[in-house]
Amino acid sequence: MSEVNVVWHEHTVSHQERVALKQQQPVVLWFTGLSGSGKSTIANAVERLLLDKGKHSYLLDGDNVRHGLNKDLGFSDTDRVENIRRIGEVAKLFVDSGSIVLTAFISPFRADRSQVRNLLAEGQFIEVFIDTSLETCESRDPKGLYKKARAGEIKHFTGIDSDYEAPMAPDIHVKTDAMTVEQCAIKVLEYLDVKGYLR
Ligand code: ADP
């Protein structure tokens, strides 16, 4: 693949102008956790709180992205890496547009998450660890996937026969076993508020 003749085109409207218009600091809230841990549920609740405050956000959700942009990818380790790489690039474009981006992907590997962090400027990547025990995720089993994985109908299922590398120093650590969805969402919003992302 040759990128030699592809030149980055400068936009007439600058990033700073987009940020000023939206009155917020664009950032990626990168939710990571086991399947069924609550990433989508909490990210949706955070988006609702942001919208109520007049903030501009967009949620990139695992299942939705796999229906379109990444529908050619499966769940092998190689495909998971490419899945996260593409999402990172898309998230970066949204940040450039001035949005607060929420991503809800298992993203089991530390190296991939830090690769996305490295794509972005300092302070533009917030790792949100949705920390829910495997037992709780399995008992919730919102999509019936654990049942299938235990029956051997799904291979490479994170937490069963594929690794999940928990963040060692997440920016936000949400333990859902002991909190309601609303409490979890408020914890994320308070972080954004305190760190000045909503100004
Ligand atoms: P993921 O996106 O991580 O795969 P989902 O958000 O799709 O997980 O599913 C999580 C399930 O757990 C939902 O059915 C949700 O209602 C339930 N749930 C129960 N308690 C909580 C909580 N405190 N936080 C998040 N989800 C919770």
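So, how was this worked out
- Residues numbered from 1 in each chain as written.
- Predicted model: local features only at pLDDT ≥ 70, side-chain atom pairs only at ≥ 80, totals over all residues.
- Heavy atoms only, no water.
- UniProt positions renumbered as here; feature names shortened; annotations may be inferred.
- Helix = DSSP H or I, 4+ residues; strand = E, 2+ residues; numbered from the N terminus.
- Rg over C-alpha atoms; globule rule 2.2 N^0.38 Å.
- Buried < 20%, exposed > 50% of the residue type's maximum accessible area, 1.4 Å probe, protein only.
- Contact = heavy atoms within 4.5 Å.
- Areas by Shrake-Rupley, 256 points an atom, 1.4 Å probe, with all protein chains shown as cover.
- Lys, Arg positive; Asp, Glu negative; His and termini not counted.
- Charge placed at Lys NZ, Arg CZ, Asp CG, Glu CD.
- Near = heavy atom within 4 Å.
- Polar contact = N/O pair within 3.5 Å; in protein donor to acceptor, adjacent residues only side chain to side chain.
- Nonpolar A, V, L, I, M, F, W, Y, C, P; charged D, E, K, R; others polar.
- Axes fitted to C-alpha atoms, helices over the stretch in contact; angles between N-to-C directions.
- Parallel < 35°, antiparallel > 145°, perpendicular 65-115°, else oblique.
- Left-handed = near helix turned anticlockwise from the far one by under 90°.
- Core = buried A, V, L, I, M, F, W, Y, C linked by side-chain atoms within 4.5 Å.
- Pairing = 2+ DSSP bridges.

Under the annotation held in an unreviewed UniProt entry, the protein chain carries the name Adenylyl-sulfate kinase and is attributed to Photobacterium proteolyticum. A UniProt comment under Catalytic activity (unreviewed entry) is attached to the protein chain, and it reads "adenosine 5'-phosphosulfate + ATP = 3'-phosphoadenylyl sulfate + ADP + H(+)". The protein chain has a UniProt comment under Pathway (unreviewed entry) that states "Sulfur metabolism; hydrogen sulfide biosynthesis; sulfite from sulfate: step 2/3."

Engineer: Lay out the overall build of the protein chain with the relevant residues and their values.
Structural biologist: When helices and strands are counted, the protein chain shows eight helices and five strands. Listed N to C, the secondary structure of the protein chain is α-β-α-β-α-α-β-α-β-α-α-β-α in terms of helices and strands. Taking 16 Å as the expected radius of gyration for a compact globule of 199 residues, we find that the protein chain reaches 17 Å, a close match to that expectation. For the protein chain, the residues scored as buried account for 43% of the 199 residues in total. Considering only contacts in the protein chain between residues 6 or more positions apart, those separated by 24 or more positions represent 74%. Of the accessible surface of the protein chain, which amounts to about 11100 Å², a share of 53% is contributed by carbon and sulfur atoms. Of the charged side chains in the protein chain, 25 are positive and 29 negative; the average position of the first set lies 2 Å away from that of the second.

Engineer: Just give me the short version of the environment of Q124, but keep the residues and values in it.
Structural biologist: Note on placement: Q124 falls in the loop between α5 (110–119) and β4 (125–131). Separated by 26 residues in sequence, Q124 and R150 have C-alpha atoms that sit 38 Å apart. When near neighbours in sequence (up to four residues on either side) are disregarded, Q124 contacts H15, P26, V27, V28 and V95.

Engineer: Outline the site of the ligand, listing residues and values.
Structural biologist: As a matter of local geometry, the ligand sits amid 16 residues, with G36, K39, S40, T41 and M179 nearest to it. With respect to the ligand, the backbone of S37 contributes an N or O atom lying 3.3 Å from an oxygen atom. Between the ligand and the protein, one listed contact pairs an oxygen atom with a backbone N or O atom of G38 at 3.0 Å. Relative to its free-state accessible area of 570 Å², the ligand is covered by the protein chains to the extent of 76%. Top element by residues in the shell around the ligand is helix α2 (residues 39–52). It accounts for four residues. Split by residue class, the shell around the ligand holds five nonpolar, eight polar and three charged.

Engineer: Describe the UniProt feature "domain: APS kinase" (unreviewed entry) in the protein chain, and please don't skip the residues or the numbers.
Structural biologist: The residues that UniProt annotates with the feature "domain: APS kinase" (unreviewed entry) are residues 25–175. From the first C-alpha to the last, residues 25–175 spans 26 Å; its make-up is 42% helix and 18% strand.

Engineer: So what about the packing of α2 against helix α8 (residues 181–194)? Which residues, and what values?
Structural biologist: In the contact formed by α2 and α8, the axes pass within 9 Å of each other and the chain directions differ by 55°. Judged by the inter-axis angle, α2 sits oblique to α8. The two elements α2 and α8 cross, and the hand of that crossing is right-handed. Residues T41, I42, A45, V46, L49 and L50 of α2 form the contact with α8, whose participating residues are V181, C184, A185, I186, V188, L189 and L192. Tallied by class, the residues present in the contact of α2 with α8 amount to twelve nonpolar, one polar and no charged.

Engineer: Kindly report on the nonpolar core, identifying the contributing residues and their values.
Structural biologist: Counting 25 residues, the largest nonpolar core has L29, F31, V46, I126, V128 and L192 as the members making the most contacts within it. Every element with two or more residues in this core is listed here: β1 (27–32), α2, β3 (100–104), β4, β5 (172–175) and α8. The element best represented in this core is α8, accounting for six residues. Aside from chain neighbours lying at most four places away, what touches I126 is V27, V28, L29, W30, D171, I172, Y191, L192 and Y197. Membership of the second largest hydrophobic core comes to 13 residues, among which are V65, A91, V101 and L120.

Engineer: Give a description of the pairing of β4 that names residues and reports values.
Structural biologist: For β4, the tally of buried residues reaches six of seven residues, placing the bulk of the element in the interior. Relative to β4, β1 runs parallel, the two sharing five bridges. By the bridge assignment, T32 is partnered in β4 with F129. Across four bridges, β4 lies against β5 in parallel orientation. Within the sheet, the bridge partner assigned to F129 lies in β5 and is H173.

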